[in-house]
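The residues making up each chain are set out below.
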Amino acid sequence: MCEIFGFSASDDFYSNDYLKTFYSHSDKHPHGWGLACVSKNSAIIEKESLQASKSHYLRGRLSQPIIEKIALAHIRYATIGNVEYRNCHPYTGKDNFGRTWTLIHNGTIFDYSPLDSYLKKQDGDTDSERIFLYILDKINLAQREKKAKLSFEERFEIIDSIVKNMAKGNKLNLLLTDGNYLYAHTNCKNTLHYLEKSGITIFSTQPLSDEDWHNVPFGQLIAYKKGTLAAQGTNHGHEYIENEEQLKLLYQIFSNL
């Protein structure tokens, strides 16, 4: 599987130390890396289908300060989708009112039929890109029906409903941002952690320091703004537990990449 990282901060946050530790895990996740530096109306995406620790570009990037209020990072272990640039996270795009959305995902969608129609629409091959396109379409549909931008509460309700339904039978660890809020979800125990500091909340698949990290609340969507918890969603209880049949399927898929 992959590893994900992100943070929400009230002020510009120097993240290089955490990012360097995060990307050092790429020896076990060698199939690509990505970074999104996010502002209210844009996301600057940098990524390569290359092991992070072998990337000269990333080494140079991390030698310069990365100071943001919201950022996402990803290292990929390919399960669904070939090892190539278009299958590297993050995924980003604008909704029909110009709001920029960005997503990273750790997991596998084994069965969720609403994503099937995106197989021919996506640029790459990953289930993660399909998740992103589906969320963006649901946001756009609701805005067309309202004929106006959605409030945060309306956006949160849509995403909460999506993750509640999609989590059943699937591993759905994700970080998603709309430029103002950072949404997080896990349904696999002990696979997503968070660290709260003064005005900052950091998320990571694995703890990245000796500080006081905790497990992200299990089985419900949460959202942060400026480092502070803003909303908690439905406690859906759809726990993902790996089984032998799914592991065999992943092995067969990976052997064909």
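What you are looking at is a predicted structure, and each value in this text was computed from that prediction instead of being measured. (Residues numbered from 1 in each chain as written. Predicted model: local features only at pLDDT ≥ 70, side-chain atom pairs only at ≥ 80, totals over all residues. Heavy atoms only, no water.)

*Asks:* How do you make sense of the packing of helix H3 (residues 127–146) against helix H4 (residues 152–166) when you look at a structure like this?
*Replies:* The description of two helices packed together rests on the angle between their axes and the distance between the axes. Viewed as axis vectors pointing N to C, H3 and H4 meet at an angle of 140°, and their least axial separation amounts to 10 Å. When the axes of H3 and H4 are compared, the pair comes out oblique. Seen along the crossing, H3 lies across H4 with a hand that is right-handed. Residues Ile131, Tyr134, Ile135, Lys138, Ile139, Ala142 and Lys146 of H3 form the contact with H4, whose participating residues are Glu154, Arg155, Ile158, Ile159, Ile162 and Met166. Per-class residue counts for the contact of H3 with H4 are 9 nonpolar, no polar and 4 charged. (Axes fitted to C-alpha atoms, helices over the stretch in contact; angles between N-to-C directions. Helix = DSSP H or I, 4+ residues; strand = E, 2+ residues; numbered from the N terminus. Parallel < 35°, antiparallel > 145°, perpendicular 65-115°, else oblique. Left-handed = near helix turned anticlockwise from the far one by under 90°. Contact = heavy atoms within 4.5 Å. Nonpolar A, V, L, I, M, F, W, Y, C, P; charged D, E, K, R; others polar.)

*Asks:* Can you help me understand unusual backbone geometry in this one?
*Replies:* Cis geometry marks the peptide bond from His89 to Pro90, where omega comes out at 5°. Checked against the element boundaries, Pro90 lands in the loop between strand E4 (67–75) and strand E5 (91–94). Within the chain, Lys147 stands out as a residue other than glycine whose phi angle is a positive 60°. Tracing the backbone shows Lys147 in the loop between H3 and H4. Given a relative accessible area of 74%, Lys147 falls into the exposed group. Positioned with a positive phi, Asn190 is a non-glycine residue whose angle comes to about 65°. Tracing the sequence through the fold places Asn190 in the loop between strand E8 (181–185) and strand E9 (193–197). (Buried < 20%, exposed > 50% of the residue type's maximum accessible area, 1.4 Å probe, protein only.)

*Asks:* What am I meant to see in the pairing of E8 here?
*Replies:* Working note: regular strand, side chains alternate between the two faces of the sheet. Among the 5 residues that make up E8, 5 are buried, leaving the element largely enclosed by the rest of the structure. Of the two faces of E8, both are covered, the one formed by Tyr181, Tyr183 and His185 as well as the one formed by Leu182 and Ala184. Sheet analysis places strand E7 (residues 173–177) next to E8, joined by 4 bridges and oriented antiparallel. Across the sheet, the residue bridging to Leu176 is Tyr183, located in E8. Hairpin remark: E7 followed by E8, antiparallel, with 3 residues in the connecting loop; positive phi at Gly179, about 100°. (Pairing = 2+ DSSP bridges.)

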